[in-house]
Amino acid sequence: MEKTNYLILGSGVAGLTFALKMATRFPDRKITIITKGDEDESNTKYAQGGVAVVTSEITDSYQDHIEDTLIAGAGLCDLSVVEMVIKNGPKRLQELISWGANFDKNKTGNFDLGMEGGHSASRVLHHKDQTGFEIEQKILKQVHRQENIELLPHHFALDLLVENNRCYGAKVIHIVSKKTTIFQADFTILATGGIGNTYQHSSNPSIATGDGIAMAFRAGATILDMEFIQFHPTVFYEKESKNKFLISEAVRGFGAHLKNKRGERFLLKIDSRGELASRDIVSQAINMELKKSGEPCVFLDCTHLDMDKFKKHFPTIVQTCIAKGVNPARAWIPVVPAQHYLCGGVDVDTNGQTSIQHLYACGEVSRTGLHGANRLASNSLLEALVYADNIFKHLASCDLKENKLPISLENKNNPDFIPMTNAHQIQLQDLKTELQALMSSSVGIVRNDADLKIAQNRMTEWKSILENTTQKHLLNWKMVEILNQIEVGLLIVEHSLKRKENCGGFMKLNY
Ligand code: FAD
Ligand code: SIN
């Protein structure tokens, strides 16, 4: 058994920021970060558009950012949370800059602020189209300087150790050696990110399988708003690939036009903001357009834009499109909507505390009340930064006493996992593919109760088969990951069945 003061599951912006702050303030305390892939693999790393922060009260205002967030959230945001997060933006931004993160500036030396859908002002700070990469690398660099932080890549958290509604740490497997270890922690912070890989087409990398939500659910934590899946309107359309390449909303903010095959800017008929309507509206409009036309994709037309400036702001997007055979200077970029973000998750208060004692959640895994029924673009990096700070401040004021693991939980430590045969691995991969296809076809942008119920039955069946297999000790972390994805799928379906009115990113026909 390993003992630590703070066990952090996940090394994206949420987990790393909390770790860094705690380690700096308390050099005598031990902080352990467990992460399932390479140390930087995360949704954070791929963030393009940037961080929405009010940096000038002349050209912008807190009130405007608050209102934009509330409008995007379709009436379901928690006003006090929205105000708290947005007013904390400038301080968190300064902190990021003090850790070395660079944000683009214009010729006059001011921040070059990007525009995105749903925003009434340009307020998105960015590092070209690689904002997440810049943030992830700069925080990681600081984390490596802290001797009291242990960062363990390729370690997969299997389950939380919870008894009588109190968390004592987590059970973890080292993916390479297959050795399982119990980490006893005074406090555990879930920072495991999103769920994108539960769907067939997502902008998320393959690590995004909703493990934290499934673990918290199994432990009895309150999970809310799972029906509010955000579909990004514009990922590069390719027939085959699964993890889709994102074409940032900032491209539309820069002036690109969304067109159907006939060259019509169909969004103008639906919302006067056109391409800059919030992304729930744009995704639903594209979905309708594709159903109507029978075409596989719509297009982003950038050909009328200042290409020198465009290439400077969006070098990765330009290079990737060219590599995929489309030069945005001359041709329209084929795009479709894809799963992008989860607005719901593990319910937390403003200290990031879940309904389980000694268990906190931060970042995309959490449901804070900021996003309501649809997240405003570029508000999630901000949310993670603000809540990492809130959790840090709250825990900094809590006494540290050994949170001793009850013997009953110690004994629950399963034997090391048994390797799977090739046949099992193929079966699991097939199941994952089936699950992803089912989620995309029956739990997508537009849902209906009949399909949701069919999906629920199939997933319940898969869950029970897998659970029976795991009881026979044919265990493997990949099996746990798929079980987690099924659990997340079931939660999305259950919450979708319960919601009786359409709002924000949630649309259901034929109740
Ligand atoms: P992540 O960054 O996803 O980190 C999760 C971590 O948990 C990873 O290290 C993962 O390996 C680890 N993990 C997961 N499960 C386990 C497990 N079982 N055991 C151990 N470790 C585990 N938001 C914005 O605000 N602005 C943007 O411009 C923007 N652009 C985006 C572009 C793309 C392509 C994507 C995918 C997202 C974008 N987002 C953007 C959303 C934003 O990036 C994420 O919501 C945010 O980075 C989430 O941070 P996080 O720390 O909560 O999770
Ligand atoms: C984007 O760049 O379009 C993504 C922004 C976000 O998800 O907030």
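From a predicted model like this one, the values you see are computed outputs, not experimental measurements.

Calculation rules
- Residues numbered from 1 in each chain as written.
- Chains lettered and ligands numbered in written order.
- Predicted model: local features only at pLDDT ≥ 70, side-chain atom pairs only at ≥ 80, totals over all residues.
- Heavy atoms only, no water.
- Near = heavy atom within 4 Å.
- Polar contact = N/O pair within 3.5 Å; in protein donor to acceptor, adjacent residues only side chain to side chain.
- Areas by Shrake-Rupley, 256 points an atom, 1.4 Å probe, with all protein chains shown as cover.
- Nonpolar A, V, L, I, M, F, W, Y, C, P; charged D, E, K, R; others polar.
- Pairing = 2+ DSSP bridges.
- Helix = DSSP H or I, 4+ residues; strand = E, 2+ residues; numbered from the N terminus.
- Axes fitted to C-alpha atoms, helices over the stretch in contact; angles between N-to-C directions.
- Buried < 20%, exposed > 50% of the residue type's maximum accessible area, 1.4 Å probe, protein only.
- Expected span 1.5 Å × (residues − 1).
- Arc of directions from axis to C-beta.

J.: So what's going on with the site of ligand 2? Residues and values would help.
T.: Taken together, the residues surrounding ligand 2 are Q48, G49, E116, H232, L246, S248, E249, R279, H340, R375, A377 and S378. Here H340 contributes a side-chain N or O atom positioned 2.6 Å from an oxygen atom of ligand 2. S378 is positioned with one of its backbone polar atoms (N or O) 2.6 Å from an oxygen atom of ligand 2. Against a free-state accessible area of 260 Å², the protein chains account for coverage of 93% of ligand 2. Considered class by class, the residues forming the shell around ligand 2 number two nonpolar, six polar and four charged.

J.: Which residues make up the sheet that holds strand β13 (residues 333–342), and what values go with them?
T.: Strand order in the open sheet formed by four strands is β10-β13-β12-β11, and the pairing between neighbours is antiparallel. On the outer flanks of this sheet lie β10 (229–236) and β11 (257–259), each paired with one strand and no other. Neighbour-to-neighbour, the strand axes of the sheet open up by a mean angle of 45°, direction not taken into account.

J.: Just give me the short version of the pairing of strand β6 (residues 155–163), but keep the residues and values in it.
T.: Among the nine residues of β6, seven are classified as buried, and the element is accordingly described as predominantly covered. As paired elements, β6 and strand β7 (residues 166–174) share seven bridges and run antiparallel to each other. Bridge pairing links A157 to V172 in β7. Between β6 and β7, which pair antiparallel one after the other, the connecting turn spans two residues, and N164 there sits at a positive phi close to 45°.

J.: Describe helix α12 (residues 422–442), with residues and values.
T.: The terminal C-alpha atoms of α12, which comprises 21 residues, lie 30 Å apart, in line with the 30 Å expected from a rise of 1.5 Å per residue. Along α12, the positions that sit buried rather than exposed are L428, L431, K432, L435, Q436, L438, M439 and S442. Within α12, the buried residues cover an arc of 160° as seen down the axis, which keeps them to one side. Exposed residues pointing more than 90 degrees away from the buried face of α12 are listed as N422, I426 and S441.

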